[in-house]
Amino acid sequence: MTYILKPQLHHPKLPTNSLGFTRRDYEGSVSTLCAGCGHDSISAAIIQACFELELPPHRVAKLSGIGCSSKTPDYFLGNSHGFNTVHGRMPSVLTGANLANRDLIYLGVSGDGDSASIGLGQFAHAIRRGVNMLYIVENNGVYGLTKGQFSATSDRGSKSKKGVINHDTGIDMVGLALQMGATFVARSFSGDKDQLVPLIKAGLAHKGAAFIDCISPCVQFNNHNGSTKSFDYVREHNEAVNRLDVIMPRDPIQVDYKSGESIRVQQHDGSILSLHKIAELYNPNNRAQALGYLQARQARGQIVTGLLFVDPSAGDLHDAVGTVDAPLNALNEAELVPGAAALDRINASLR
Amino acid sequence: MPDSAEPRAVQAATAMKASVNDFVVKFANVNGSGSASANGLFARSVMRMGVPVAARNIFPSNIQGLPTWYEVRITEAGYLGRRGGVDLMVAMNPQTWDRDLAEIESGGFLVYDSTKPLGHSRDDITAIGVPLTAMCNEAYELPRERQLFKNTIYVGALAALLGIELAVIDALLADDFKGRDRLIKANVEALRMGHAYVLKHLGPLPLQVRRADAVGDRIYVEGNQAAALGAVYGGATVCAWYPITPSTSLVEAFTAYCQDLRLEPETGKARYAIIQAEDEIASIGIVVGAGWNGCRAFTATSGPGVSLMTEFIGLSYFAEIPAVIFDVQRGGPSTGMPTRTQQADILACAYAGHGDTKHPLLLPADPGECFEMGAQAFDLADRLQTTVFVMLDLDIGMNEWLTKPFVWDDARRLDRGKVLTHDDLEAGREFGRYLEVDGDGIPYRTYPGVHPTKGGYFTRGTSRNPYARYSEEGAVYVDNMERLLRKFDTARALVPAPVARPARRRTRDGVIYFGSTTPAMHEALEMLEAQGRHLDALRIRGFPFADAVYDFIAQHDRVYVIEQNRDAQLRTLIMTEGGVDASKLVAVLHYDGTPITARFIAGEIAQRLALGQPSTGQSEAAE
Ligand SMILES: Cc1ncc(C[n+]2csc(CCOP(=O)(O)OP(=O)(O)O)c2C)c(N)n1
Ligand code: SF4
Ligand SMILES: [Mg+2]
């Protein structure tokens, strides 16, 4: 398969952000996914979020595993470095990249097969370590790229396109992320841009392991009646706990919310999450309650979306390891190589 | 020997071995009994007398209870390989009594705990009983003390038997237990207890250690520790690993050296990151991620870990990402011989991956080279943008070896390879991530985040053109694979060159060897020479093989290839990569998990030379 690069013509009237970039500058190559694939909507949301956050595109490193979902980093942030790694192992590569340069923003994109099946272990351990990243699973409940086999998030009892019944319990990635200690946990839906874009912005601004489980219907293999990852099912059973705005420090604080229905959370970088609760009084600062809430709703067949948990003062892996403030990949010889005199001392101690 | 009224402490054989500074002592112990430090003390005391030693642990894969051995070769002549055979057995393990006794050479000696009578039927050895348990029970209250000091007491007894100066051991104890005066005193007393017993009841043996000046400025260090120090000097900043014998101590040593040498003075913060990953797949994933992002990163593992890392190693080859793997080889799979030594990962590492892949291997022969190659591996990985293996084995990695002191030239610079900077890009340098520019097969790379509009690219295994854009064109794929071959050819001149050791006489026979076989090989060559058998020798230190390796083979009628594995892996690699006629390369193989011996090599080669025809080569059944 070959494809043509998008002409990089700037429309004179395209709005620019304060860095002088247009939304176009956050785009990538033309997608090769199926028309209507939920993953493309998520790419669009990522582009929108980065544009609105005014991130210098090249300061984002985007990493993925293998799958239709994992192909998408080619389709956004074309000036950024990207890494299509191996199936299920993006979390370790992202961890290493993050250790090498703590100054970049790390965006991991994966699929449900990539992260819940083959990569469940790496997913869990990267979260446990508190790697500073936004980790998005584009969850269609199926292996898209290998044509429709069940993944570990497929619903028990669901039927594949070929008529096979799934007997295994589906993994709820949000529940797992909560248990593994993620410090920002959200779920959204590829078709709900209003909810998804602010969540991505907040996740990118969060310091620590941020996770978004984004339901993303596969129009080829899993958008049929009865699938909990189909467009129709999610639209009907979506139980949104909150609506979110991310307010960057320099913006005036918004005032258009009713008292008692919103809370504001300040993140490490100074940005403010403004949560508009539309469902009921939901407190996103309590991990245990988040888990209970999730399970109670799940028992009723509801898919909870929104920001389920955030710890705005979380630390990350670098804090735990105690690394220097400078990126490790910028250290010079004098800082790294102890030299001949030190070696002579070591020799003397070995005689 | 003086007579005594005690029950027969000495059963003397008619013929006794006699030697000064040239004999083999072996300790048979129970794992976890605290014998390791006492045995190490013994070896170092000989060295402090100016006599070189070669000491090797032969230990089980558990923490407590199984038999464990420690073999110390005392060798003023400086033979650091295993000789084969035992002259003095310190038999402290009743479980292995029979086989330990059987190993003593005729005319040799047995030192044992004579508290309870232990029978044996060899009248060609001299048995020396010291009532260690009885002495301990009398001197100490606590069971732990009784056990620990028993070891020190036998060191004292050996000192008296072999003529090692007590003051030398005292000085070592003072170093080892610096600041813990009570421990020093207790050990010094225990030492004297054993020493006095021997002086009173027995007297010295005809095996003697005598002061010499044969150690020189050499240092005594484990290969793993040396390799770890090499990684520090090589500028490694990220280490990810998963515990596996015999590689674990490499990362432990790296950690200790970093804590000592790599903290930012003003803040005490770390100029390194060490991650104990959840498995070897994650370890190498972290290494690849860090390498992609411009750090020098490594992992240390053994065969089972290499198997798990294979997919990533393949990716590193195709995506051209620097990575360093220290493979400390051991025998077989996870349920194999985890605490025994082999050189059996050669093929697995040379070709690890899927699709057409091959990787540079560095083959250190002693801890000195572990340090040098440990540092060099990072330059090579950056220069070649690929995975580089440093192939240790348990023998080098986990035993202390006498080795030349480490040297470092402060003028030496880290070679970060072909990296385009922000200024290069800004100045308009063309950037194609997989573009051949210099004719050496090595493309230029950029670090993520380098420039707002130039230098970004999407990294994937294959399916891309020289500009890293998606392409499934067959011709594009083939071009890229040909370039990777050119790059591998470039590596040929960069990996350590082979070292030749010509025979004293002209000969048509040659021998090729590598790694931990080296000292035993050199001794075997001397033994063969004494028999009038002359062979030119070539030590291989790197893969891809230099032209000199094939020239050497061409110059000889027959070349013996000495390896510590069953399948003659290096021989296969030489043949595959260079199209050598199989009948020309004769495999000599030792793979029972113990380090190869000089006697074995000399015996195998002599036998084949006498027959005048090659055989396939077999390991000895037992030694
Ligand atoms: C080691 C390995 N095993 C199997 C595959 C084949 N494979 C490619 S993508 C994929 C499943 C992807 O599923 P998911 O992560 O859910 O992505 P989606 O295509 O659904 O977005 C599999 C099994 C592979 N690339 N590597
Ligand atoms: S197969 Fe499914 S997941 Fe893959 S591109 Fe098509 S719709 Fe998307
Ligand atoms: Mg999927």
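Residues numbered from 1 in each chain as written. Chains lettered and ligands numbered in written order. Predicted model: local features only at pLDDT ≥ 70, side-chain atom pairs only at ≥ 80, totals over all residues. Heavy atoms only, no water.

A.B. asks: Any chance you could explain the overall build of chain A here in plain terms?
C.D. replies: From N to C terminus, chain A includes 12 helices and 11 strands. Its C-alpha atoms give chain A a radius of gyration of 21 Å, near enough to 20 Å, the size a compact globule of 351 residues would have. Considering only C-alpha atoms, chain A reaches an extent of 75 × 50 × 50 Å along its principal axes. Within chain A, the proportion of its 351 residues that are buried is 59%. Put simply, 71% of the contacts in chain A that link residues at least 6 apart link residues at least 24 apart. With an accessible surface of roughly 13600 Å², chain A has 52% of that area assigned to carbon and sulfur atoms. (Helix = DSSP H or I, 4+ residues; strand = E, 2+ residues; numbered from the N terminus. Rg over C-alpha atoms; globule rule 2.2 N^0.38 Å. Buried < 20%, exposed > 50% of the residue type's maximum accessible area, 1.4 Å probe, protein only. Contact = heavy atoms within 4.5 Å. Areas by Shrake-Rupley, 256 points an atom, 1.4 Å probe, with all protein chains shown as cover.)

A.B. asks: What is the right way to look at the nonpolar core in this model?
C.D. replies: It is characteristic of soluble globular proteins that their nonpolar side chains tend to be buried jointly. Counting 155 residues, the largest nonpolar core has Phe211 of chain A together with Phe254, Phe298, Phe326, Ile512 and Ile574 of chain B as its most contacted members. Sorting elements by how many residues they give to this core places helix H12 (residues 367-384) of chain B first, with nine residues. In this structure, this core is formed jointly by two domains, domain 2 (221-403) and domain 3 (499-611) of chain B, each of which donates at least three residues. Residues in contact with Phe326 of chain B, not counting those within four places in the same chain, are Ala227, Ala231, Leu250, Phe298, Thr299, Ala300, Thr301, Gly374, Phe378, Val390 and Leu392 of chain B. Core analysis: the next-biggest nonpolar cluster, separate from the first, contains 56 residues, Val25, Ile128, Leu166 and Ala190 of chain B among them. (Core = buried A, V, L, I, M, F, W, Y, C linked by side-chain atoms within 4.5 Å. Domains from an automatic or database assignment.)

A.B. asks: So what exactly am I meant to see when it comes to the coordination of the magnesium ion (ligand 3) here?
C.D. replies: Any two of four tetrahedral donors ideally make an angle of 109.5 degrees at the metal, while pairs among six octahedral donors ideally make 90 or 180 degrees. All names here are of chain A. The coordination sphere of the magnesium ion (ligand 3) contains the protein donors Asp112 (OD), Asn140 (OD1) and Val142 (O), at a distance range of 2.1 Å. Mapping the donors of the magnesium ion (ligand 3) onto the primary sequence gives the spacing D-x27-N-x1-V. Taken as a pair, Asp112 in helix H4 (residues 112-117) and Asn140 in the loop between strand E4 (133-139) and helix H6 (173-179) lie far apart in primary sequence, 28 residues in all. You'll find Asp112 and Asn140 in the same group, each marked buried. (Donors = N, O, S within 2.8 Å, 3.2 Å for Na, K, Ca; no water.)

A.B. asks: Could you clarify how one ought to interpret the state of the cysteines in this entry?
C.D. replies: Each disulfide is one covalent bond, formed between the sulfur atoms of two cysteines. Throughout the structure, instances matching the rule amount to zero disulfides over all chains. Residue Cys370 of chain B stays outside any disulfide, its sulfur separated by 15 Å from that of Cys349 of chain B, the closest cysteine. (Disulfide = S-S within 2.5 Å.)

A.B. asks: In this structure, what is going on with the environment of Phe42 of chain B? I would like to understand it.
C.D. replies: Residue and element names in this part refer to chain B. If you trace the backbone, Phe42 turns up in helix H1 (residues 35-48). The exposure class assigned to Phe42 is buried, which follows from its relative accessible area of 0%. Separated by 350 residues in sequence, Phe42 and Leu392 place their C-alpha atoms 26 Å apart. Those residues within four positions of Phe42 in sequence are excluded, and the remaining contacts are Val25, Phe27, Val72, Ile74, Leu158, Leu162 and Ile164.

A.B. asks: What am I meant to see in the packing of H1 of chain B against helix H5 (residues 166-176) of chain B here?
C.D. replies: When two helices pack together, you describe them by how their axes are tilted relative to each other and by the distance separating the axes. Residue and element names in this part refer to chain B. The interhelical angle for the contact between H1 and H5, taken along N-to-C directions, is 120°, at an axis separation of 9 Å. Here H1 lies oblique to H5, going by the angle between them. Considering the relative orientation of H1 and H5, their crossing is right-handed. Counted together, Leu41, Arg44, Ser45 and Arg48 of H1 and Val168, Ile169, Leu172, Leu173, Asp175 and Asp176 of H5 form the full contact between these two elements. When grouped by side-chain class, the residues that make up the contact of H1 with H5 number five nonpolar, one polar and four charged. (Axes fitted to C-alpha atoms, helices over the stretch in contact; angles between N-to-C directions. Parallel < 35°, antiparallel > 145°, perpendicular 65-115°, else oblique. Left-handed = near helix turned anticlockwise from the far one by under 90°. Nonpolar A, V, L, I, M, F, W, Y, C, P; charged D, E, K, R; others polar.)

A.B. asks: How should I be thinking about the interface of chain B and chain A in this particular structure?
C.D. replies: How large an interface is tends to be reported as the accessible area lost when its parts come together. Counting from both sides, the interface comprises 69 residues of chain B and, opposite them, 57 residues of chain A. Counting each side, the surface lost to burial between chain B and chain A is near 5300 Å², with a carbon and sulfur contribution of 63%. For chain B, the biggest contributors to the area lost against chain A are Glu278, Trp292 and Phe458 of chain B; these three give 12% of the whole. Here chain B and chain A share three salt bridges between them. Notably, a salt bridge pairs Asp74 of chain A with Arg460 of chain B, separated by 2.8 Å at the nearest N-O pair. The interface formed by chain B and chain A contains 23 residue pairs in polar contact (both at pLDDT 80 or more). At the level of elements, strand E10 (219-222), helix H7 (223-233), helix H8 (248-261), strand E12 (273-276), helix H9 (280-292), helix H10 (303-319) and strand E18 (458-459) of chain B are the ones that each hand at least two residues to the side of chain B that touches chain A. If you tally residues by element for the side of chain B that touches chain A, the top one is H9 of chain B, at eight residues. (Buried area = accessible area lost by both parts, 1.4 Å probe. Salt bridge = Lys/Arg side-chain N within 4 Å of Asp/Glu carboxyl O. Polar contact = N/O pair within 3.5 Å; in protein donor to acceptor, adjacent residues only side chain to side chain.)

A.B. asks: Can you walk me through the site of ligand 1 in this structure?
C.D. replies: Close contacts around ligand 1 come from 17 residues, with Cys68, Ser69, Gly113, Asp114 and Gly144 of chain A the closest. At the site occupied by ligand 1, nearby residues are drawn from chains A and B. Gly113 of chain A has a polar backbone atom sitting 2.8 Å from an oxygen atom of ligand 1. With respect to ligand 1, the backbone of Gly144 of chain A contributes an N or O atom lying 2.8 Å from an oxygen atom. (Near = heavy atom within 4 Å.)

A.B. asks: Can you walk me through helix H16 (residues 518-530) of chain B in this structure?
C.D. replies: Side chains of residues three or four places apart in an α-helix project in the same direction, reflecting 3.6 residues per turn. Residue and element names in this part refer to chain B. If you check H16, its first and last C-alpha atoms are 19 Å apart, about what 13 residues at 1.5 Å a residue would give, namely 18 Å. Those residues of H16 lying buried are Thr518, Pro519, Ala520, Met521, Glu523, Ala524, Leu525 and Leu528. With its phi angle positive at about 85°, Gly532 sits one or two positions after the end of H16. (Expected span 1.5 Å × (residues − 1).)

A.B. asks: Please clarify how the domain arrangement of chain B should be interpreted in this entry.
C.D. replies: Residues and elements named next belong to chain B. With domains assigned, chain B is organised as domain 1 (10-208), domain 2 (221-403) and domain 3 (499-611). Facing 11 residues of domain 1, the contacting portion of domain 2 comprises 11 residues. Here domain 1 packs against domain 2, burying approximately 930 Å² in sum over the two surfaces, 55% of which is carbon and sulfur. When the buried surface of domain 1 facing domain 2 is broken down by residue, Arg56, Phe59 and Leu80 rank first, second and third, together holding 49% of it. Scanning the region where domain 1 abuts domain 2 turns up one salt bridge. Put simply, Arg56 and Asp395 hold a salt bridge, and the shortest N to O gap is 2.8 Å. Sort the elements by how many residues they give to the side of domain 1 that touches domain 2 and strand E4 (residues 53-58) lands first, with five residues.

A.B. asks: Please clarify how the site of ligand 2 should be interpreted in this entry.
C.D. replies: Taken together, Leu33, Cys34, Cys37, His39, Cys68, Asn140, Gly144, Cys218, Val219, Gln220 and Phe221 of chain A form the complete shell of residues around ligand 2. Residues of the shell around ligand 2, tallied by class, amount to seven nonpolar, four polar and no charged.

A.B. asks: Is there a simple way to explain the sheet that holds strand E11 (residues 303-310) of chain A in this structure?
C.D. replies: Read from one edge of the open sheet, nine strands run E7(A)-E11(A)-E5(A)-E6(A)-E4(A)-E3(A)-E1(A)-E2(A)-E18(B), paired in mixed fashion. Two strands bound the open sheet, and with one partner strand each, they are strand E7 (238-240) of chain A together with E18 of chain B. Taken strand by strand, helix H3 (residues 90-100) of chain A contacts strand E1 (60-64), strand E2 (81-84), strand E3 (105-111) and E4 of chain A, and its axis lies near 175° from that of E3 of chain A. (Pairing = 2+ DSSP bridges.)

A.B. asks: Quick question: what am I supposed to make of H10 of chain B here?
C.D. replies: Residues and elements named next belong to chain B. Look at H10: 23 Å from first C-alpha to last across 17 residues, which is about the 24 Å you get at 1.5 Å a residue. Of all the bends in H10, the greatest measures close to 55° and is centred on Met309. Of the residues one or two after H10, Glu320 is the one with positive phi, at around 60°. (Bend = angle between axes of the 7 residues up to and from the residue.)

A.B. asks: Is there a simple way to explain the pattern of salt bridges in this structure?
C.D. replies: A side chain with one charge may pair with a side chain of the opposite charge, provided their charged atoms come close. One pass over the full model with this rule turns up 48 salt bridges over all chains. With a closest N to O distance of 3.0 Å, Asp319 of chain A and Lys207 of chain A form a salt bridge. In this pair, Asp319 of chain A sits in helix H10 (residues 317-321) while Lys207 of chain A sits in the loop between helix H7 (193-205) and strand E6 (209-215), placing the two residues 112 residues apart along the sequence. Asp319 of chain A gets classed as partly exposed once you look at its relative accessible area, which sits at 42%. The shortest N-O distance in the salt bridge between Glu529 of chain B and Arg504 of chain B comes to 3.0 Å. With Glu529 of chain B in helix H16 and Arg504 of chain B in the loop between strand E19 (499-501) and strand E20 (509-513), this residue pair connects regions lying 25 residues apart in the sequence. Under the relative-accessibility criterion, Glu529 of chain B is labelled partly exposed at 27%. Salt bridges sharing partners connect three or more residues here, namely Arg296, Asp379, Asp382, Arg412, Arg416 and Arg445 of chain B.

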